[in-house]
Amino acid sequence: MVEYVRIKLGSGEPMQRQGGYYAEFSSKPAFIKNDINEIRLSGYLSDSTKMSTEFAVSPLHGIYAGGDLRTLQSAISEKLRHLRIEERSQVLHHLNKTQEFYHSELIRASEPFIDTRLIYESKSLKELERLTLGKKDDVFEAFSDLTKNNFQQIVYGREDDVVGIHIISYFISKASPSLRDRPVERPSRSIGDNKSQKIIERIASTIPLCKHGSLLRAISHNKAQTFVLGINQLTTGLFRALNQFSQMDFVGGTGYQMLHDRILPQLPVYEILHTLRIFQDYNLKHLQKFSNSFQPGNSIFSLLREDTDSIGIFIPLFQKELLRRHGINVTEFFRGDEFIPELLPTLRPDLAVLLQHDFFNTKLENVTAEIEYEIPKEWLDEFSSLLIIPEKIEYWREKIWLLLEEPVINQVKSFVELAIALDNFSKEIGSKELTLSTTSVKKTKFKTSLADLLKGSVDDSMRQFLTAAVQYLTQLPSEMVEVPVDIVRALNDVEQILRIEEQALSKKKQELLNFYLIQIARHVGDNG
């Protein structure tokens, strides 16, 4: 079946998804040849290292790097449409050849299963695993688990936190008009309209969020968290995980040694550095707007601060690994952990901007002040345009928050209070059975407009959760002499969430928000 069955991977999304983006820098020379750069290189490098710069090219990235069967969609399809016919032909020819080679390798690895009576099953399975999943490495698996745990704890919160920063991303996405013909939310996990499903089970399937996972589809989640909130999704929790890993011990050496030998060579260092520099709100300015919206003691703020504080420790390791992948002896390009400023103009501008010592610097004068020889104007213009991208993104991000700050903060605050109240109620009531009833809201003595607000055909996890929450909260007082104030307060939170969702932004403000998001996308080569 291997010869006839293929698994299709959609291409066109950022690195934190399939990584099938258009990487125009693939296989391009890393160093720029001119007379001034010859003087620069001769002044700092040995003859052998200088010679190696002649052959240094960037490795293949994005769609060039993989041979899987791919379709071209989203941003990459638009990018290819605007390429010159010669460039487009080269891209398609490369994809065709790599896919043919990959397919032939899959067939070769599977042949021993059917074409021989010898026991090659174990060997063939390992070969298929290498071609599809990659070579298994226990050390890297340990690091992956650390990274996953840190990501989940920051994005969804720990179990005691109930919620994480994902709830901010959710309400940002709900307030943002969709530019695609697909919904931004994930559909509800419930199968059909099961009236007998227990309310507590429905609530427990959503909170704590660490048990539920994302309420959003991947593109919407990334846009809200990375573009608007300023927490780069690709690197969320990564640097805290690196810090933890570096302090561990392994059979082959210390964690810090393993980072050099087994971890960094497998990470997408170019994409990590690039997205971190342009998207990350290093001071967490926008996240701090929500400091009063979460309950005291929520761990996401301290975890994110630890993650951010670790960035400066490990950036030099990523910078050295980036240069090492071009076949270069990196020690001659660095003084300690700092790339020699005079050698920056010898590199392609997109590499130079990632190798500057002050990684988040956006001021051209800070770079040129440390360079002695003349810098070609063409290089300087391109370098400068790349350098100021974070400033441009922050400019439009500020405008977005002028529109979203008040409604999103209010929704997040209401949801957090509701989620914590429900979590506490469900723990107190234990396993008592309460089943869903479509008329429970109308029959209750709480005469609210929640029944009307919850009407609609949208079947997303949040709507199902709020419906279950209202039914749960309105059935609890039926056996109580007095209605607890916490229940009334929680019902008010539900109403607040729904009313703000209905009236979050006017049509004119939605158009403005769309415009701001598209401007950010334009600066980073995305399609919004």
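1. Some words on the pattern of salt bridges
- Under the criterion given, the structure shown has 21 salt bridges.
- Its salt-bridge partner being R240, residue E306 comes within 2.7 Å of it at the nearest N-O pair. Taken together, the positions of E306 in helix α14 (residues 300–309) and R240 in helix α11 (residues 238–246) put the pair 66 residues apart, joining distant regions of the chain.
- Of the residues examined, E306 reaches a relative accessible area of 37% and is grouped as partly exposed.
- Judged by its relative accessible area of 13%, R240 falls in the buried class.
- Across the salt bridge formed by E391 and K363, the nearest N and O atoms sit 3.1 Å from each other. Remark: K363 occurs in the loop between α16 (349–355) and α17 (364–368) and E391 occurs in helix α19 (residues 389–429); sequence separation between them is 28 residues.
- Look at K363 and you get partly exposed, because its relative accessible area is 39%.
- Salt bridges linked by common partners bring K285, E394, R397 and E398 together as one network.

2. Quick word on empty space enclosed by the protein
- Evaluation of the coordinates by the stated rule reveals 2 cavities of 30 Å³ or more.
- Volume-wise, the largest cavity comes out at about 80 Å³.
- If you add up the space inside the second largest cavity, you get close to 50 Å³.
- A per-element tally of the lining of the second largest cavity places α14 first, with 3 residues.
- Its residues assigned to classes, the lining of the second largest cavity shows 4 nonpolar, 5 polar and 1 charged.

3. Focus: the confidence of the model for the protein chain
- On average, residues of the protein chain score 81 in pLDDT, and 76% of them reach the 70 mark or higher.
- Counted against residues more than four places away or in other chains, residues 191–197, with its pLDDT under 50, gives 10 contacts.
- Within the model, pLDDT remains below 50 along residues 434–448, and this stretch shows 43 contacts once partners closer than five positions in the same chain are excluded.

4. Remarks on unusual backbone geometry
- The phi angle at V162 is positive, at roughly 75 degrees, despite the residue not being glycine.
- With relative accessibility at 2%, the residue V162 sits in the buried group.
- Even without glycine at this site, L284 takes up a positive phi of about 55 degrees.
- Tracing the backbone through its elements, the reader meets L284 in the loop between α13 (269–279) and α14.

5. Side note on the packing of aromatic side chains
- Tallied over the full model, the rule gives 20 aromatic pairs.
- Note on F143 and F245: the rings are 5.6 Å apart at their centroids and 85 degrees apart in plane angle, and the pair reads as edge-to-face. Here F245 lies in helix α11 and F143 lies in helix α6 (residues 138–155), a separation of 102 residues in the sequence.
- We classify F143 as buried; its relative accessible area is 2%.
- By relative accessible area, which is 0% here, F245 ends up buried.
- With centroids separated by 5.0 Å and ring planes inclined at 45 degrees, the aromatic side chains of Y282 and F360 adopt a geometry described as tilted. With Y282 in the loop between α13 and α14 and F360 in the loop between α16 and α17, the pair connects residues that are 78 residues apart, well separated along the chain.
- Judged by relative accessible area, Y282 falls into the partly exposed class, the value being 31%.
- Using a relative accessible area of 24% as the deciding quantity, one classes F360 as partly exposed.
- Connected via pairs of aromatic rings, a cluster forms that spans F31, F333, F334 and F339.

6. Re the side chain of S169
- Within the secondary structure, S169 is located in helix α7 (residues 166–175).
- When sequence neighbours within four positions are dropped, the list of residues in contact with S169 reads L216, H221, A224 and Q225.

7. A short note on the packing of α7 against helix α10 (residues 218–228)
- Their axes nearest at 9 Å, the elements α7 and α10 cross at an angle of 105 degrees. For the element pair α7 / α10, the angle class is roughly perpendicular. Between α7, through H166, S169, I172 and S173, and α10, the contact on the second element is made entirely by S220, H221, A224, Q225 and V228.
- Within the contact of α7 with α10, the residues separate by chemical class into 3 nonpolar, 6 polar and no charged.

8. Remarks on helix α12 (residues 255–263)
- Listed in full, the buried residues belonging to α12 are G255, M258, L259 and I263. Take α12 and look down its axis: the buried residues cluster within an arc of 110 degrees, on one side only.
- Buried-residue contacts for α12 involve α6, α11, β3 (249–250), β4 (253–254) and α15 (311–324).

What counts as what
Residues numbered from 1 in each chain as written. Predicted model: local features only at pLDDT ≥ 70, side-chain atom pairs only at ≥ 80, totals over all residues. Heavy atoms only, no water. Salt bridge = Lys/Arg side-chain N within 4 Å of Asp/Glu carboxyl O. Helix = DSSP H or I, 4+ residues; strand = E, 2+ residues; numbered from the N terminus. Buried < 20%, exposed > 50% of the residue type's maximum accessible area, 1.4 Å probe, protein only. 1 Å grid on protein atoms, 1.4 Å probe; cavity = no way out; pocket = protein on both sides within 12 Å on 5 of 7 lines; lining within 4 Å. Points joined across faces, edges and corners; volume = space filled by probe spheres on them. Nonpolar A, V, L, I, M, F, W, Y, C, P; charged D, E, K, R; others polar. pLDDT = per-residue confidence, 0-100. Contact = heavy atoms within 4.5 Å. Phe/Tyr/Trp six-rings, centres within 6.5 Å; stacked < 30°, edge-to-face > 60°. Axes fitted to C-alpha atoms, helices over the stretch in contact; angles between N-to-C directions. Parallel < 35°, antiparallel > 145°, perpendicular 65-115°, else oblique. Arc of directions from axis to C-beta.

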